[in-house]
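# Descriptive structure summary
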Protein chains: 2
Amino acid sequence: MQNSKYEIITDYIKKKIAAGSLKDGDKVPSENALTNKFSVSRDTVRRGFKALELEGILVSKRGSGTFVRLRKGFSSDRIAVVTTYVENYIFPKIIKGIEATLSQRGYSMQLSFTDNQFEKEREVLTDILAKEDVAGIIMEPVKSALPNPNLEIYESLREKGVPVLFINTYYRETDIPHVSLNDEAMAYMATKYLISKGHKRISAILKMDDGQGHLRFAGYRRALYEQGVKNPSDYVMWYDTGDEGRYDMFDSHSMKRLNGCTAVFCYNDKVARELINYLQSKGQKVPEDVSVISMDDSDLAKLGDVKITSCPHPMAELGRVAAENLIKLIDNPKFDATKEFVTEVKERGSVKNI
Amino acid sequence: MQNSKYEIITDYIKKKIAAGSLKDGDKVPSENALTNKFSVSRDTVRRGFKALELEGILVSKRGSGTFVRLRKGFSSDRIAVVTTYVENYIFPKIIKGIEATLSQRGYSMQLSFTDNQFEKEREVLTDILAKEDVAGIIMEPVKSALPNPNLEIYESLREKGVPVLFINTYYRETDIPHVSLNDEAMAYMATKYLISKGHKRISAILKMDDGQGHLRFAGYRRALYEQGVKNPSDYVMWYDTGDEGRYDMFDSHSMKRLNGCTAVFCYNDKVARELINYLQSKGQKVPEDVSVISMDDSDLAKLGDVKITSCPHPMAELGRVAAENLIKLIDNPKFDATKEFVTEVKERGSVKNI
């Protein structure tokens, strides 16, 4: 017995879902098609769709149609954004890009940071799991080159249907999508740039506990292999999160890896700026004595007497794409949200033609 | 038209393979079963099997039956063994264990080493691929915590049907089996041992470019998390292949990660021995001032005035199992050849009860 005319529509859709011919994320037949099929009014079809939306089975998207949404997840208009740092370097611009897009789409942003510490990552995610009040998470991985101790929390989030999107890099242990630079390609490009300026003996200063450090190592190495350099690893000075901002990092035995080089590929503008300060304190000039190229093209590259030639991080643009892709992922768990950027070297004043 | 009686048998087996009901690695029906089925003599069945062995379609294994072997591979009685180092530390014993088992089984051993350099790994494997004269490869991965640049060579070996077995660790990018320590569990055990002796502030010296370093970090961290230690990463001093044997490693800013600790978990006996020498040169005594535990329990742990408490590497036993498992893999590509060892702490004289 049918109580209302529109139940022709709701029954039809539910049976198709039960039979598996309509699956999570699938588009349902159009209003026109159903109007014709059942000889009912357009209004009846709409009422049927509305009832299924209220039941949380369908979701309609302006301009693109109505879709099955079976995933659980927490119904909320809040998005959690978790970055390693918040207040300096490239982070304010990334966060601004995310925030602008989220607010445009009617979402609010809940911001936390991890200081690139596994323990804070655990706290933040445990809290999100307990409160069940965000629709999705934009997350910057913590020390992604080391084994992650919080994988079971990501698994719980997946089980609860809370979409996660990584920014800047990703954990190799998961298949969670990411929006980042193509770090291998960018490092290859930066190293090729130094080669094109006549440099042969090229060192690198890279971060060992973030995945970007490993991928940038792979790109740097590929460029040097092509030049016939036998052991690129011998010219790499590695540092980790705990060394950041520690000036004594350069008064170290590992600094010997830079001996004899004419150019250095730096992990980011921060370490490039510190290297330049250190070299200057030792009476060496950049780029006259040593050339430096780095990554991110942040404000740090543009300040000081030596402006740094750097490969731009898309900052606000990356934030915008991350926010858009997470929203698409909330609407459709099948959406392929991964995107990697490649940008062009921004020439400033730190590389000499030799 | 059949030329010989035994072709009843060869035709029957070949048809079953063509139809897919006998697959690579499957056991074929027994001599008895075929004798009854076709009313032929046992001798006829055997001649049929022999003919198929000569064609390279079947392989018989003493005591276990006759199996389909369709895989390609290079027919040879030589096994390539490729380690990072050959002539010192734990390597002679591992290699002896491999060699003893291989020669017992009628295989000869072709030995090369990589010096833990990607470039030598590439040379050695390229050579093996070109010569096509080994039946399988026992390989110690190179700098397995960094992205590997030679993965396409492993892919070529797989396509050509040459089985590879890793020892000591593995590449996360491949699913090649490995025979190794369970590094996470062993490091956890070593750290728990220090905790059981009353130590609270425990540092670690770990290798950043080998996979074992990352897994041992995970085990060390797990033990400290259980004690409520918040940021174990802050107490870890990382080094890499290029630092090995460099005494100035300890005259480094990163040595500050050890400040205030009462015990140190060391990556292996080599770095533990160097640490003890360094501490003694600074007037500090082991274990009176600082306790030290390490991995491998090699001869280095047993020499000198301070004997080192260490977690034994199964050396010859690991070599033996690796050789046996590779031979099984040559006979049956489906064999699950992975094996991880766990051993018990060997108490010597470098840990103090506090």
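Residues numbered from 1 in each chain as written. Chains lettered and ligands numbered in written order. Predicted model: local features only at pLDDT ≥ 70, side-chain atom pairs only at ≥ 80, totals over all residues. Heavy atoms only, no water.

## Some remarks on the sheet that holds strand E6 (residues 164-167) of chain A
All names here are of chain A. Spatial ordering of the open sheet is given by E4-E3-E5-E6-E7-E13, a layout of six strands whose pairing is parallel. Of all the strands in the sheet, the pair left with one neighbour each is strand E4 (108-113) and strand E13 (339-341). Taking each pair of neighbouring strands and ignoring which way they run, the sheet shows an average axis angle of 15 degrees. Taken together, the four bridges between strand E3 (residues 78-83) and strand E5 (residues 136-139) define a ladder with parallel strand orientation. Across the sheet, residue valine 82 finds its bridge partner in E5, namely methionine 139. (Pairing = 2+ DSSP bridges. Helix = DSSP H or I, 4+ residues; strand = E, 2+ residues; numbered from the N terminus. Axes fitted to C-alpha atoms, helices over the stretch in contact; angles between N-to-C directions.)

## Re the nonpolar core
If you look at the biggest cluster of nonpolar residues, it comprises 194 residues, and the most contacted ones within it are Ile137(A) and Ile137(B). When residues no more than four places from it in sequence are discounted, the contact partners of Ile137(A) are Ala80(A), Val82(A), Leu125(A), Ile128(A), Leu157(A), Val162(A), Pro163(A), Val164(A), Leu165(A) and Leu326(A). (Core = buried A, V, L, I, M, F, W, Y, C linked by side-chain atoms within 4.5 Å. Buried < 20%, exposed > 50% of the residue type's maximum accessible area, 1.4 Å probe, protein only. Contact = heavy atoms within 4.5 Å.)

## Section: the relation of the copies chain B and chain A
In the superposition of chain B on chain A (RMSD 0.2 Å, axial shift 0.0 Å), the rotation amounts to 180 degrees. Both copies are brought into coincidence by an operation consistent with a two-fold rotation axis. Residue Ser252(B) of chain B places its C-alpha closer to the rotation axis than any other residue of that unit, at 2.6 Å. In this assembly the copies share their binding face: 100% of the residues contributing to the interface of chain B also contribute to that of chain A. (Least-squares fit on C-alpha atoms with pLDDT ≥ 70 in both.)

## Description of the pairing of strand E1 (residues 58-61) of chain B
Residue and element names in this part refer to chain B. Both E1 and strand E2 (residues 65-68) contribute to a ladder of four bridges, which runs antiparallel. Note that in E2 the partner of leucine 58 across the bridge is valine 68. Where E1 hands over to E2, the hairpin turn is made up of three residues, of which glycine 63 adopts a positive phi near 80 degrees.

## So, the interface of chain B and chain A
Listed as interface residues are 32 residues of chain B and, on the opposing side, 32 residues of chain A. The junction of chain B with chain A conceals about 2800 Å² of combined surface from both sides, 47% of it contributed by carbon and sulfur atoms. Ranking the residues of chain B by area buried against chain A places Glu119(B), Pro147(B) and His253(B) at the top, with a combined share of 20%. Here chain B is connected to chain A by four salt bridges. In this structure, Asp240(B) and Arg257(A) form a salt bridge, with 2.6 Å as the shortest nitrogen-oxygen distance. Linking chain B to chain A there are 12 residue pairs in polar contact (both at pLDDT 80 or more). Those elements giving two or more residues to the side of chain B that touches chain A turn out to be helix H5 (118-131) and helix H8 (211-226) of chain B. A total of five residues in the side of chain B that touches chain A trace back to one element, the largest contributor, which is H8(B). Class assignment of the residues belonging to the side of chain B that touches chain A gives a composition of 12 nonpolar, eight polar and 12 charged. (Buried area = accessible area lost by both parts, 1.4 Å probe. Salt bridge = Lys/Arg side-chain N within 4 Å of Asp/Glu carboxyl O. Polar contact = N/O pair within 3.5 Å; in protein donor to acceptor, adjacent residues only side chain to side chain. Nonpolar A, V, L, I, M, F, W, Y, C, P; charged D, E, K, R; others polar.)

## Some points on the environment of Leu224(A)
All names here are of chain A. Topologically, leucine 224 is positioned in helix H8 (residues 211-226). Classification of leucine 224 by relative accessible area gives buried; the value is 1%. Spatially, the C-alpha atom of leucine 224 lies 8.6 Å from that of lysine 200, the residues being 24 residues apart in sequence. Setting aside residues up to four positions removed in sequence, leucine 224 forms contacts with Thr191, Ile195, Ile202, Val229 and Pro232.

## Things to note about helix H3 (residues 42-54) of chain B
Residues and elements named next belong to chain B. Over its 13 residues, H3 runs 19 Å from end to end, which matches the ideal 18 Å to within 8%, given 1.5 Å per residue. Tucked into the core, H3 has its buried residues touching helix H1 (7-19), helix H2 (31-38), E1 and E2. Positioned one or two residues after H3, glycine 56 has a phi angle of 80 degrees, which is positive. (Expected span 1.5 Å × (residues − 1).)

## Let's talk about the packing of aromatic side chains
Residue and element names in this part refer to chain A. Tallying each qualifying case throughout the model produces 18 aromatic pairs over all chains. Measuring from ring centre to ring centre gives 5.4 Å for phenylalanine 217 and tryptophan 238, while their planes differ by 55 degrees; the resulting arrangement is tilted. With phenylalanine 217 in helix H8 and tryptophan 238 in strand E9 (residues 236-239), this pair connects stretches of sequence that are 21 residues apart. By relative accessible area, which is 13% here, tryptophan 238 ends up buried. (Phe/Tyr/Trp six-rings, centres within 6.5 Å; stacked < 30°, edge-to-face > 60°.)

## Considering the domain arrangement of chain A
All names here are of chain A. Per the domain assignment, the segments making up chain A are domain 1 (7-68), domain 2 (78-181 + 315-341) and domain 3 (183-312). With centres defined by C-alpha atoms, the gap from domain 1 to domain 2 works out at 32 Å. In this assembly, six residues from domain 1 lie in contact with four residues from domain 2. Between domain 1 and domain 2, roughly 370 Å² of surface is buried when both sides are summed, and carbon and sulfur atoms account for 45% of that area. The largest contributions to the domain 1 side of the interface with domain 2 come from Asp24, Gly25 and Lys61, which together make up 75% of the buried area. Counting the contacts that link domain 1 with domain 2 gives one salt bridge. Between aspartate 26 and lysine 334 there is a salt bridge, with the nearest N and O atoms lying 3.6 Å from each other. Put simply, domain 1 and domain 2 have zero residue pairs in polar contact (both at pLDDT 80 or more) between them. (Domains from an automatic or database assignment.)

## Thoughts on the packing of H5(B) against helix H6 (residues 151-159) of chain B
A pair of packed helices can be characterised by two numbers: the angle between their axes and the separation between those axes. All names here are of chain B. Where H5 contacts H6, the axes come no closer than 10 Å and their chain directions differ by 20 degrees. Of the possible angle classes, the one that applies to H5 and H6 is roughly parallel. The handedness of the crossing between H5 and H6 is left-handed. Taken together, the residues of H6 that come into contact with H5 (itself represented by Glu121, Arg122, Leu125, Thr126, Ile128 and Leu129) are Glu152, Ile153, Tyr154, Ser156 and Leu157. By residue class, the composition of the contact of H5 with H6 is six nonpolar, two polar and three charged. (Parallel < 35°, antiparallel > 145°, perpendicular 65-115°, else oblique. Left-handed = near helix turned anticlockwise from the far one by under 90°.)

## Points about the pattern of salt bridges
The final tally for this structure, using the stated rule, is 48 salt bridges over all chains. Residue Arg257(B) is joined to Asp243(A) by a salt bridge in which the shortest nitrogen-to-oxygen separation is 3.1 Å. Placement of the pair is Arg257(B) in the loop between strand E9 (236-239) and strand E10 (263-266) and Asp243(A) in the loop between E9 and strand E10 (263-266), with the two residues belonging to separate chains. In terms of burial, Arg257(B) and Asp243(A) fall into one category: buried. Where Lys302(B) meets Asp299(B), a salt bridge forms, and the shortest distance between an N and an O atom there is 3.8 Å. One end of the pair is Lys302(B) and the other is Asp299(B), both in helix H10 (residues 299-302) and three residues apart, which spans about a single turn. Here Asp299(B) falls in the partly exposed class, since its relative accessible area comes to 42%. Look at the salt bridges and you will find they share partners, linking Glu31(A), Arg42(A) and Arg46(A) into a network.

## Re H5(B)
Spanning 14 residues, H5(B) covers 20 Å between terminal C-alpha atoms, matching the ideal 20 Å at 1.5 Å per step. Buried-residue contacts for H5(B) involve H8 of chain A together with strand E3 (78-83), strand E4 (108-113), strand E5 (136-139) and H6 of chain B.

## A short note on the side chain of Ser294(B)
Residue and element names in this part refer to chain B. Inspection of the secondary structure puts serine 294 in strand E11 (residues 291-296). For serine 294, a relative accessible area of 0% puts it in the buried group. Look past the residues within four positions of serine 294 in its chain and what remains in contact with it is Cys266, Asn268, Asp269, Ala272, Ile308, Thr309, Ser310 and Cys311.

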